[in-house]
Amino acid sequence: MDDADIIVGIDLGTTFSLVAYADESGPHIIRDENGDGRLPSVVAIEPAEDDAPPRITVGWKARQHAVENPRSTIYSIKRLMGRGPADIERERAYLAYQVRPGPRDTIQVELPGGAYTPEEISAFVLQALRERAERHLGRPVRKAVITVPAYFDDAQRQATRVAGQAAGLEVVRIVNEPTAAALAYGIGLREQLAAESATGKQVAAGRVGLSLAGPGRQRQPVDFGAAHTVAVYDLGGGTFDISTLRIEQGVFQVLSTAGDTHLGGDDFDRAIVTLVQREVQEQLGLSIDSPAARQALRNLAENVKIQLSTQPQSRIELDLGQGRTYSRTIRREEFEGLIADLVERTLRLCAQALRDANLAPADIDRVILVGGSTRIPLVRRRVAEYFGREPYTALNPDEVVALGAAVQAAVLSGRHPEMLLLDVTPLSLGIETMGGAVAKLILRNTTIPCRATEMFTTFVDGQTAIKLHVVQGERELAADCRSLGEFELRDLPPMPGGIPKVEVEFLLDANGILNVSARELRSGRQASVQITPHHGLTRAEIERITRESIQFARSDIEAHRRIDLLNQVDFDIRKTRQTLERFGHLLTPQERQEIEREMVALREFADQAQDLDELYRRLTAFGHRTRRLAEIAIREALIAPDDQPPSPSAT
Amino acid sequence: MDSPLFCEGCGRLYPAEGYNYFDLFGLPPRYDLDTATLRQKYLETSRAIHPDHHGQRPEAALMSLRASARLNEAYRVLADPMLRAEYLLELFGGSSAAQDRSVGPDVLTQTLALREELEEARQMQLETRLADLRCQIETLCEQTESAVQELARRLPGDETLRRQLRQQLNALRYYQKLRENL
């Protein structure tokens, strides 16, 4: 196969990102050295000394050290993609890193070493995934299918495409996450049926790496061939989508979609963070809201939430120094009370999606759960109650979207002529008319690609340009919708006012991205369309980002792993040294010496390491031995008024 | 009849311009159609012409994008009985809703009266009255839909028939708006 034919599928998530590839045997997740498919969507960017390029760490390492580097560790960047300052007002209070308004209603992340756009931050995550795929496949990867929440608007989709470009990837298709999940579900179903008919019995797991329902569970007369209707309930780290689909003869047709791009697991964590902050304030009179504290509380809340999915209660203990402690037990029912409103909001969106598709809950043959947040028992219970049936839980909710993206990548490279995805546009598209009202041209839930044409004319004699303001959304007034920008039709032939007949074509492509063209019918002349986005990056900015993005082309897998591990060793030792300087006085002298010794030993071993597996083990062991120091750092972070903790070395 | 959009033998695409919605599915321009057949043709043709299967060559990609967009619109219209009647009426030379907004003699007064009654019942929270009105509006919609169907089956017909169909379709819009308000 030609390298140009390799298209990987990428799930660029709020919390985790994954990359998958489909070969002849089916789609599979590409995992890291430790067998984990997930890459935390966390990026740490630290300025280097002198003029050296900044040090960039992506994934687990960046996540582990987030508390020590609150201002230079970026997480949940997906929530900022394609958004403006006004959109994220509510968000800001929960971010440990700083954001500032950029040009044209964009946001920039402000880091100690400079400002970055959300597209650039996402590109670092995509690049790490790309490298992972290249190591696995042993050849360069230049093309990808990237998934986005179905409810993403034009600006958010464009931003995702730019991020891909900046990571050296041609984004051949933007696919909606729930749709990708349905695709993986369909393939899994087909594999299951094929295996069953071949062996005459049910299989526990398909070759596609999808773990399928065990014997006797959820058996229904449904297969790839028999038409059926499914609902995909996708509750991820930051976004919620519900899509209904008809699966018939290999065609996956989305009937409707609804969602909220700011509703997900992050919000459940925040409910816990807010509770803890309030109680600490009430009980101890302490305000724990520094960037580092936000980061530490986030981690804590996430752990509590995950525990409560499997246990009836979880214990929170915070050592706030000077004998002040905060501790309490949080029971599952209490947590459910905190998030009940958010869960009900998802069900109202389910009702809207069903209404738009002219379906009743009972018309749904299967409810597929996607996204880590669907592990929460309350979510499962309420979804089951709403649809009147137990959801289908045989798929791994973390991996199904990436697997589906890989399937779509295989379709796009021509390997599955029997399959087709027909998606819809989540938002209505319209133009602003006199008085600021919106004239809708394409209604939400219209199958894409789709097209609308509209006739315009001029007002004054000799007028050669017409301006259109294009918006996306359901509201009556343009000001309440999302602006896609001004489209200026230029080079019209000069004629008396009202005479030109300008036909404007609005074409939504299969990515859900708008293309506008215009023609003056009397002269047959094509008008040029100049777009001034009200939002987002200009072409020059996109080019700059793409140019500046560091592109590695590493082929030697061993060499690459060595570089990665050595970087991690550097990073860990540097972090530990910094932490030791700040908080070493809180350890016993023996503990301090022990850590010093460990640092030297690790350094020495790393400098002449031949056995990379052994180096990896030592690195992990080093992490365990410095755990107490890390705990102290977290505690201090919680009580420090700012992210500059009291420095004993200064006194 | 087959779709004119692609060659079944070699998979080559042809532009969609110049064909009406019925042509795209290889169906005769008639109100009565078998929805299962329409759907079958839609799925087959979509699979054959969709940009996902024609992304390799740029000129094919654009043609496939336009053809797909047109096919999707055609399916949306033909699959919906009322939109189908509307489309067929214009295909046979009837006026569009923009050209002729007239309705039958009692439609406007009736709609206004119903709207007022609805408002009143809502304000005074007369639940049984509301349910009754809801029922009336549903019945009106259904009756008008049957009238549309009845007339559309007789298309192309004469000028009078087409005018009657236009007016029934216009009336249906008023009733549908009322129903949306419920």
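Remember, it's a predicted structure, so these values are computed and weren't measured experimentally.

Peer 1: I keep staring at the overall build of chain A and nothing clicks. Help me out?
Peer 2: Counting its secondary structure elements, chain A contains 15 helices and 27 strands. Residue burial in chain A is summarised as follows: out of 651 residues, 48% are buried. Taking all contacts inside chain A whose residues are at least 6 apart in sequence as the whole, residues at least 24 apart take part in 70%.

Peer 1: Any chance you could explain the nonpolar core here in plain terms?
Peer 2: Proteins that are soluble and globular tend to have nonpolar side chains buried together. All names here are of chain A. Among the nonpolar cores identified, the biggest contains 205 residues, and V8, I10, A20, I368 and A406 are the most heavily contacted of them. No other element matches helix α10 (residues 400–412), which puts 11 residues into this core. In this view, A20 contacts V8, G9, P27, H28, I29, I30, A402, L403, A405 and A406; residues no more than four positions away in its chain are not counted.

Peer 1: I tried to follow helix α7 (residues 159–180) of chain B on my own but got confused; where do I start?
Peer 2: Residue pairs three or four apart in sequence face the same way in an α-helix, which turns once every 3.6 residues. Residues and elements named next belong to chain B. For α7, which comprises 22 residues, the first-to-last C-alpha distance of 32 Å matches the rise-based estimate of 32 Å (1.5 Å per residue) to within 8%. Within α7, the full set of buried residues consists of R162, L165, R166, Q168, L169, A171, L172, Y174, Y175 and L178. In the core, the buried residues of α7 are packed alongside α4 (81–91), α5 (107–123) and α6 (127–153).

Peer 1: What is the right way to read unusual backbone geometry from this model?
Peer 2: Where the residue is not glycine, phi is negative for most of them; where a peptide bond is considered, it is trans in most cases. Residue A:P449 follows A:I448 across a cis peptide bond; omega there is 0°. Structurally, the position occupied by A:P449 is in the loop between β21 (438–442) and β22 (450–456). Between B:L155 and the following residue, B:P156, the backbone shows a cis peptide bond with an omega angle of 5°. Within the secondary structure, B:P156 sits in the loop between α6 and α7. With a phi angle near 50°, A:Q249 is a residue other than glycine that sits in the positive phi range. Look at A:Q249 and you get partly exposed, because 16 C-beta atoms sit within 10 Å. One non-glycine residue with positive phi stands out, namely A:N358, at about 60°. If you trace the backbone, A:N358 turns up in the loop between α8 (332–356) and β18 (366–370).

Peer 1: Please clarify how the sheet that holds strand β9 (residues 106–111) of chain A should be interpreted in this entry.
Peer 2: Remark on secondary structure: sheet strands pair via backbone hydrogen bonds, oriented parallel or antiparallel. Residue and element names in this part refer to chain A. Across the sheet, three strands lie side by side as β8-β9-β10; this open sheet has antiparallel pairing. With partners counted over all chains shown, the strands left at the sheet margins are β8 (98–102) and β10 (114–116), one partner each. With direction set aside, neighbouring strand axes in the sheet form an average angle of 40°. As defined by bridge partners, β9 adjoins β10 across three bridges and the pair is classed as antiparallel. Looking across to β10, one finds that L111 is bridged to G114.

Peer 1: How do you make sense of the domain arrangement of chain B when you look at a structure like this?
Peer 2: In terms of domain boundaries, chain B breaks down into domain 1 (21–79) and domain 2 (107–180). Averaged C-alpha coordinates put domain 1 of chain B and domain 2 of chain B at centres separated by 32 Å.

Peer 1: What am I meant to see in the confidence of the model for chain A here?
Peer 2: The predicted coordinates ought not to be read in detail in places where the model reports low pLDDT. Residue and element names in this part refer to chain A. Averaged over all residues, the pLDDT of chain A is 84; the fraction at 70 or higher stands at 87%. pLDDT under 50 marks residues 202–223. Its contacts with residues more than four places away, or in other chains, come to 43 contacts. Overall, residues 550–556 carries pLDDT values under 50, and its contacts beyond four positions in sequence, including any with other chains, amount to five contacts.

Peer 1: What am I meant to see in the sheet that holds strand β6 (residues 55–58) of chain A here?
Peer 2: All names here are of chain A. Reading across the sheet, the three strands line up as β6-β5-β7 and stay open at both edges, with antiparallel pairing between neighbours. Since the sheet does not close on itself, it has two edges, and those belong to β6 and β7 (73–74), each with one partner. Sheet topology places strand β5 (residues 43–46) next to β6; four bridges connect them, and they run antiparallel. Within β6, the position partnered with I45 by the bridge is I56. Its contacts with the sheet place helix α3 (residues 118–137) against β5, β6 and β7, and it is angled at close to 65° to β6.

Peer 1: Is there a simple way to think about the interface of chain B and chain A in this case?
Peer 2: Accessible area lost upon the coming together of the parts serves often as the stated size of an interface. Each partner contributes to the interface: chain B provides 15 residues, whereas chain A provides 17 residues. Taken together, the elements giving at least two residues each to the side of chain B that touches chain A come down to α2 (35–49) and α3 (58–79) of chain B. Counting residues per element, the side of chain B that touches chain A draws most heavily on α3(B), at seven residues. Partitioning the side of chain B that touches chain A into residue classes produces four nonpolar, six polar and five charged.

Peer 1: It is not clear to me how the pairing of strand β2 (residues 16–23) of chain A should be interpreted in this structure. Could you clarify?
Peer 2: Working note: regular strand, side chains alternate between the two faces of the sheet. All names here are of chain A. Along β2, seven of the eight residues are buried, which leaves the element largely enclosed by surrounding structure. Taken together, strand β1 (residues 7–12) and the strand that follows it, β2, pair antiparallel across an intervening segment of three residues. Of the strand pairs in this sheet, β2 and strand β4 (residues 39–40) are connected by two bridges, and their pairing is antiparallel. Opposite S17, over in β4, you have L39 as the bridge partner. Count of turn residues in the β2/strand β3 (residues 26–29) antiparallel hairpin: two residues.

Peer 1: Looking at this model, I keep getting lost on the packing of helix α13 (residues 589–607) of chain A against helix α14 (residues 612–625) of chain A. Mind explaining?
Peer 2: Helix-helix packing is characterised by the crossing angle of the two axes and by the distance between the axes. All names here are of chain A. Viewed as axis vectors pointing N to C, α13 and α14 meet at an angle of 165°, and their least axial separation amounts to 11 Å. In this view, α13 runs roughly antiparallel relative to α14, as classed from their interaxial angle. Between α13 and α14 the crossing geometry is left-handed. Between α13 and α14, the contacting residues are E598, L602, F605 and A606 on the first element and L615, R618, F622 and R625 on the second.

Peer 1: Is there a simple way to think about α13(A) in this case?
Peer 2: Residues and elements named next belong to chain A. End to end, α13 covers 27 Å across 19 residues, agreeing with the expected 27 Å (1.5 Å per residue, within 8%). Every buried residue of α13 is listed here: I595, M599 and L602. Along the axis of α13, the buried residues cluster in a sector spanning 70°; they form a single face. α13 presents P589, Q590, Q593, R597, V600, A601, E604 and D607 as exposed residues on the side facing more than 90 degrees away from its buried surface.

Each value, and the rule that gives it
Residues numbered from 1 in each chain as written. Chains lettered and ligands numbered in written order. Predicted model: local features only at pLDDT ≥ 70, side-chain atom pairs only at ≥ 80, totals over all residues. Helix = DSSP H or I, 4+ residues; strand = E, 2+ residues; numbered from the N terminus. Buried ≥ 20, exposed ≤ 12 C-beta atoms within 10 Å, placed from the backbone. Contact = placed C-beta atoms within 7 Å. Core = buried A, V, L, I, M, F, W, Y, C linked by C-beta atoms within 7 Å. Expected span 1.5 Å × (residues − 1). Pairing = 2+ DSSP bridges. Axes fitted to C-alpha atoms, helices over the stretch in contact; angles between N-to-C directions. Domains from an automatic or database assignment. pLDDT = per-residue confidence, 0-100. Nonpolar A, V, L, I, M, F, W, Y, C, P; charged D, E, K, R; others polar. Parallel < 35°, antiparallel > 145°, perpendicular 65-115°, else oblique. Left-handed = near helix turned anticlockwise from the far one by under 90°. Arc of directions from axis to C-beta.

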